[in-house]
Amino acid sequence: MILTCPECATSYFVDDSRIAAAGRTVKCSHCGARWTALPEKVAETPTPAPKPAPGPSAPPPAAVDELVIDGPEPAAVKSKRPATPRRGANGKVIVWAASAAAAALLIAGVIIFRAPIVQLLPGSQAAYAGLGLQVSALAIEKVHADPGFQGGRPVLSVTGQIRNLGDAAASVPAVRVTLLDRLGKPVATKIAKPIDGTAPGHSLRYFAITLVDPPANLRDLDVAFETAGQSAGKPVKARVSAPAAAAPPQPVDAKPLPPGSPDALPPAPK
């Protein structure tokens, strides 16, 4: 037979022989509720219990024959009790949450303290540069590209300044100048090392780089710090204007040398 708890609606399989014809007190192992279970035939046509005959004194109550029912629920009977989370699942959720929080703190520490990390591991500066993170307090500003001529050859003069935004002195890396065509593709590159490689806190350092015979299809350029063979930090762009044509030399009137000059020709004989 199937017994259903009147409190939590949990159902159990129980052998018919364990329930007497007069009924038996049973206890739900899930919620602890107690009730009197009757056989199925008696439960269908219940009959009122006979009234006890009056006597001079009531006998002491007999011990209750209580049956604790437990076991798997029948497949055809659905339990209505609310589902309770398992402790194992809660433990896994807590472990995953703690791991995620630890990973977030580790990533934040690597980003915030990247300057000391780069000092201990210089090779990590390229990894920070690949993520677009500024590793040091140095910044490239006010980049200008001026085409011109030098000794009759076309040249491109790239000037700018390096500012130390921090309080402590910083080592100035090499500067990479990348020349770009009108489509933004690099056509030439030049790397220049600074003469003074240290910039005090809140100071300025100026640079001037000359490129002889720049490509004819030059349109723009990028200037960035060079670290471990890669461009570090966000590059500073500059537009290259067309070079001005070289002015032809102007004629100069000849003037006689002053008297007594060693370069003067001797006077012609009379």
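Predicted model, so just to flag it, every value in this text is computed and none were measured.

Colleague: I keep staring at the pairing of strand E9 (residues 174-180) and nothing clicks. Help me out?
Modeller: The side chains of a regular strand alternate between both faces of the sheet. Summarising burial for E9: 7 of the 7 residues are buried, a large majority. Judged by which residues are buried, E9 turns out to be covered on both faces: Ala174, Arg176, Thr178 and Leu180 on one side and Val175, Val177 and Leu179 on the other are all buried. Pairing of E9 with strand E13 (residues 220-227) involves 7 bridges; the strand directions are antiparallel. What sits directly across from leucine 180, in E13, is aspartate 220. For E9 and strand E10 (residues 186-192), the ladder comprises 6 bridges, and the chain directions are antiparallel. Of the residues in E10, the one forming a bridge with leucine 180 is proline 186.

Colleague: Would you explain the side chain of serine 203 in this entry?
Modeller: The topology assignment puts serine 203 in the loop between strand E11 (198-199) and strand E12 (204-212). Take serine 203: its relative accessible area is 13%, and that puts it in the buried class. In this structure the side chain of serine 203 is engaged in a polar contact, spanning 2.6 Å, whose partner is the backbone oxygen of proline 200.

Colleague: I tried to follow the confidence of the model for the chain on my own but got confused; where do I start?
Modeller: Caution applies to low-pLDDT regions: their predicted coordinates should not be interpreted in detail. Averaged over every residue, the pLDDT of the chain is 74; the share at 70 or more is 66%. Mean pLDDT across the elements of the chain ranges from a minimum in helix H1 (residues 40-44), with 55, to a maximum in E9, with 91. Below pLDDT 50 for its whole length, residues 42-46 participates in 2 contacts with residues either more than four positions away or in separate chains. Considering only residues more than four positions removed or in separate chains, one finds that residues 73-80, a stretch of pLDDT under 50, has 14 contacts.

Colleague: Where do I start with the pattern of salt bridges in this structure?
Modeller: One side chain can pair with another of opposite charge once the charged atoms of both are near each other. Considering all chains together, one arrives at 3 salt bridges under this definition. Where arginine 153 meets aspartate 213, a salt bridge forms, and the shortest distance between an N and an O atom there is 2.4 Å. Within this pair, whereas arginine 153 is found in strand E7 (residues 153-164), its partner aspartate 213 is found in the loop between E12 and E13, the two being separated by 60 residues in sequence. Among the residues examined, arginine 153 registers a relative accessible area of 44% and is labelled partly exposed. Among the residues examined, aspartate 213 registers a relative accessible area of 38% and is labelled partly exposed.

Definitions and limits used
Residues numbered from 1 in each chain as written. Predicted model: local features only at pLDDT ≥ 70, side-chain atom pairs only at ≥ 80, totals over all residues. Heavy atoms only, no water. Buried < 20%, exposed > 50% of the residue type's maximum accessible area, 1.4 Å probe, protein only. Helix = DSSP H or I, 4+ residues; strand = E, 2+ residues; numbered from the N terminus. Pairing = 2+ DSSP bridges. Polar contact = N/O pair within 3.5 Å; in protein donor to acceptor, adjacent residues only side chain to side chain. pLDDT = per-residue confidence, 0-100. Contact = heavy atoms within 4.5 Å. Salt bridge = Lys/Arg side-chain N within 4 Å of Asp/Glu carboxyl O.

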